[in-house]
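Here is what each chain is made of, one letter per residue.
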Amino acid sequence: MRCLTPKTLGEMADALSQFTDKSKVVAGGTDYVIQARRGKFDPDILLYPGLIPELHEVRLGERELRVGAMATMWEITKVLESVPAFRAVADAASDVGSPQIRNKATMAGNLCNASPAGDMLPVSWLYDAKLELLCGDGSTRLLPVDQFILGPQKNALEPGQAVISVIMDQKPFEGCVSAFKKIGSRERVSISREGMAALVRMGKDGTVEQARFTVGAVASTPLRVPETEALMVGRHLEDSDLLSAVTKIISQTIHDNCRPANRLYKTEAARGLTADLFARLQERI
Amino acid sequence: MKLIGTDKPIHDARGKAAGFVKYAADIMLPNMAYVVVVHSTIPHGYVRQIHAEKALALPGVFGVFHCFNTSERTYSHYRSNIAQELPDEERAFNSYVRYVGDRVAAVAASNQETAEKAARLIEVEYEELPFTTGFDDTLAGQNCLPGESPIRDEFSFDVGTAPEKDGLIEVESFTEIPRLHHATMEPHVCVADYDPYQQQLTVYSPNQTVHGIRIVLADFLEMPFHRVRVVKTTMGGSFGGKQEWFLEPTAALIAKALGRPVKLVYSRGEAMSCTVVRAAMRAVVRSKFKPDGTLVALDMDVLLDAGAYIGNSCDYIRTLSGKPFRCYRVPYFHYRGRVISSNTPVSGAFRSWSAAEEAIMMEHHLDQAARRLGMGRIALRLKNALLPGEIDRKSGVPLEDIRIYEALEQGRSAFHWDELVEEDRAFNTANPRFRRGVGVGCGGHGNTYYPRFNDYGEGRLSLNEDGTVQAALTLHDHGCGTVTAMQMIIGEVLDIPDTDVYLPEGDTAVTPVDYGCFASRTTFVLGRAAYEAAVMLRDEILERAAKLFSLPQESLYLKDSAVRCRNDEGVKISLAQLSRESIVKLKRNVSILTQFNNTSNPGVTGVHFAHVEVDTWTGFTKILDYLAVHDIGQPINPAMCAAQIQGAAQMGCGAALREKLTVDKNGRCTESLSKYHLFLATDLPDIQVKLLTEGRSQEGPFGAKSIGEVCYVPAAPAVCGAVNDALGSSLETLPYDPDCILKYLAKEREQ
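Just so we're clear, the structure is a prediction, and the values are computed from it rather than from any experiment.

Calculation notes
Residues numbered from 1 in each chain as written. Chains lettered and ligands numbered in written order. Predicted model: local features only at pLDDT ≥ 70, side-chain atom pairs only at ≥ 80, totals over all residues. Contact = placed C-beta atoms within 7 Å. Helix = DSSP H or I, 4+ residues; strand = E, 2+ residues; numbered from the N terminus. Domains from an automatic or database assignment. Nonpolar A, V, L, I, M, F, W, Y, C, P; charged D, E, K, R; others polar. Axes fitted to C-alpha atoms, helices over the stretch in contact; angles between N-to-C directions. Left-handed = near helix turned anticlockwise from the far one by under 90°. Parallel < 35°, antiparallel > 145°, perpendicular 65-115°, else oblique. Pairing = 2+ DSSP bridges.

Q: Talk me through the interface of chain B and chain A; I want residue IDs and the actual numbers.
A: Counting from both sides, the interface comprises 17 residues of chain B and, opposite them, 16 residues of chain A. Elements represented by at least two residues in the side of chain B that touches chain A include exactly helix H3 (112-121) and helix H18 (738-750) of chain B. Of all the elements, H18 of chain B adds the most residues to the side of chain B that touches chain A, at five residues.

Q: Describe the domain arrangement of chain B, with residues and values.
A: All names here are of chain B. If you check the domain split of chain B, you get domain 1 (24-129 + 188-265), domain 2 (280-447 + 601-750) and domain 3 (457-596). Domain 2 and domain 3 are separated by 40 Å when their C-alpha centres are compared. Of the residues lining the interface, 17 residues belong to domain 2; the matching set on domain 3 comes to 15 residues. Residues of the side of domain 2 that touches domain 3, tallied by class, amount to five nonpolar, nine polar and three charged.

Q: So what's going on with the packing of helix H14 (residues 522-549) of chain B against helix H15 (residues 575-586) of chain B? Residues and values would help.
A: Residue and element names in this part refer to chain B. For the pair H14 and H15, interaxial distance at closest approach is 10 Å and the crossing angle is 65°. For H14 against H15, the interelement crossing comes out left-handed. For the pair H14 and H15, contact is made by Ile 541, Arg 544, Ala 545 and Leu 548 and by Leu 575, Leu 578, Glu 581, Ser 582, Lys 585 and Leu 586, respectively. Taken together, the residues of the contact of H14 with H15 break down into six nonpolar, one polar and three charged.

Q: Let's hear about the packing of helix H11 (residues 260-284) of chain A against H18 of chain B: which residues, and what values?
A: Helix packing geometry: the angle between the two helix axes and the distance between the axes. Between H11 of chain A and H18 of chain B, the least distance of the axes is 9 Å, while the angle of their chain directions is 75°. As summarised for this structure, H11 of chain A and H18 of chain B are arranged roughly perpendicular, according to the angle between their axes. Contacts between H11 of chain A and H18 of chain B involve Leu 264, Tyr 265, Glu 268 and Ala 269 of chain A from the former and Pro 738, Asp 739, Leu 742, Lys 743 and Ala 746 of chain B from the latter. When its residues are assigned to classes, the contact of H11 of chain A with H18 of chain B shows six nonpolar, no polar and three charged.

Q: Can you lay out the pairing of strand E2 (residues 45-51) of chain B for me, pointing to particular residues and giving the numbers?
A: All names here are of chain B. Alignment of E2 against strand E4 (residues 96-97), held across two bridges, turns out to be antiparallel. Looking at the pairing, Tyr 46 lines up with Tyr 96 of E4. Taken together, the six bridges between E2 and strand E6 (residues 123-128) define a ladder with antiparallel strand orientation. Residue pairing across strands places Tyr 46 opposite Glu 127, the latter belonging to E6.

Written out as structure tokens, the structure is:
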């Protein structure tokens, strides 16, 4: 096995041009190492892009939020926890695994791993995130997240391609507040059994003007719930009838999409999780 | 007392915190081979063929060992002393496999990676047999071979005579508990070294009895005992998980075959699926009470699933039957225990050796009885709690100064139980989502094997030339402070600093034959042996001093590492000086050997209180407050006693609310901590601890009683009781995880 550690994007493209279908890219390694120890991979080339400075950046530009492929969950949390529109990303990043994991794991890696339980999936769906891919010839291309993640543990990367950043547009979410909340096996250090992300823009009259709602860890990829979004528009978040109506739709969506073994729990628990998510949104308005 | 009752860090705390301490996995020997075991992938059947060619072709592979090229000799993984009569059930590598995880082969290679790679290249052909994973299919005999009965062992007995009196209130309860994993931080490890020229085997492993392993290895490898040396290494936790032998025979066999040292380190997955688990059990408990709450008769019917091998199950199911008598007054007791064997991970010892399981059954039953009787849960327990001076009615042993009654009373007030009950009522009325409740659990345990075996301990002490002390006792510190406790006991008697006592741990080449660390016997039995040895050494020192310095022996005493004389303040003979003079002038070391055998096993008990909040919308339970009250006699090192209790509370909360080792329909069990949900520090409130120290034992050192296991016994029952109180439920199957709670609430809503 050859280990390549490019220091620039140009060198990384060169490295990628040598890739075969056995070659791998490792970022934080929090998923890779576990699977490698089980003998799942036998790479001929292992590429580590951690020496490329710009890939560590979490940059909030005028048009877009750009999360470098090497930015850790901790770094993402630090930048975005004070940005209401993208607070949901910070919520999700701040609750992945343990502090040790959050100091290594990356958003890009979480999306590449494409676990249905990955916390960065529902928030990526929430913002219609796009992944920027670098190819062996030095060119880049953008792929929407729902075309990038094809199913459990399946992404659209071809040999010789690597994710270099995750991009979310700024414009559509100006003035929004957002939140993410999950249920795992326990309060902390836990893999999601159910995750929900929502963002709302409030009108001057205190009612919802625009809403988005996604549910993770239920189906193989996150679910947008447009009925809920439509229902929320024009309503006050503290309206308890709204919460009940939303809960009902979410529960039904979960019921229809999740595996039978988990159906009862996930459908029932949706009530608590939805209520907690609404409470988080209200705190942030 | 200068040392006893003071708070001391454990002897290797600093080294552990700094990452300096060496565990078995850190041992590196020249020319060492790395061993990786290949486990059965089917739950039941025969190995027909093993294809090792690809593995053997890999550079760096020293050998592949399997059922067709190694000894057919069998051993019992549970054998731990010379007195046991047990069937030898398994081979190093089995051709008849009984669960997913059974050892079928192993690779030895020049490094771990090569060994792992080679292990993956081994192909095993099986002939599959029908298998079972649950109680019902196993009871139905679906995995039995011709001639086998689904019931592998049955045991019943009575204590007292059945009551005839009418007007008794009858209560019945059902409890089911899942398999548990010990979750030690260090997995199972063994390093074995063989010298073919002296035919000498040396085995290093974290374990609870070096002499027990020696018996098994000597028999299995047909070697004399003196050619087998077993060394206990620093242990990163056991909780009973390292008192049965899965790695040692395999590693020793390969070391002997290769004539080079080998290292075998189990992964977390292997530790979970291929060592031992706590057995799954079902229990029906029936009782009769007088209307005032006096227990008149108790009937327990327990079914234990041993998993793939019977191992300790027959002893375990019998031991469980004695536990009610360590806590409550039971005038009439009927017991039936049965053992079945499914194709699931092997059951074995778990902290408290069945007392915690019995307490889950019993305390759940008492909570239901209290409801039936219209009594408070604490009042019902007070009514039946054993009092000082009573005896264990099953074994006939006096319980001495047992303080369970006092622990209940003091805990009730310190926990503000009655106030909490009122507050919770108001809270629950006002809150649509969260429900609160309180729970109490009582538990009793022992301090020694006595009277099951005649227990004993041996200690040797000698004075070094500089006045420090060298000790030889067979200790197996699990990380809970055994070594420090012994240093404190010896230091106290000799009036020297505890750090002036050097104590190696169990090593068959160095320390005396001993049962090992079982039955919470270490402090009580070996602590007393250490005490006796120190007293004997003190007498020896004083006698030598009298002789050497022509002083009246009865006026001599030890103070601050020197011999002093009551009649003459000017006399001050340092222990260093005494040691040297004895060697030079008397031509004798100052050393002694003592043996002690105890003939008592006093009551040692604890009561835990938990206050919980259940989120009825997500099923999560939060522990709000927790208090553990323990009747432990004289604590040797109170800070470590408190730490043990806090750790036990954490384990008990996990057992009550989350932990279960599940087996899927193909017989594969949970193999990762990502799917086995332990309680973390972030899940817990500050665990309050109250030690009741007045109920001294007669034989323990300075009146000490045990702590390591008894503190785990009441934990899960207290938490379970609190959840049932919050929900008004009597949930029968543990753990009360979010799924269990939401399922219950959904069912309630439908009705």
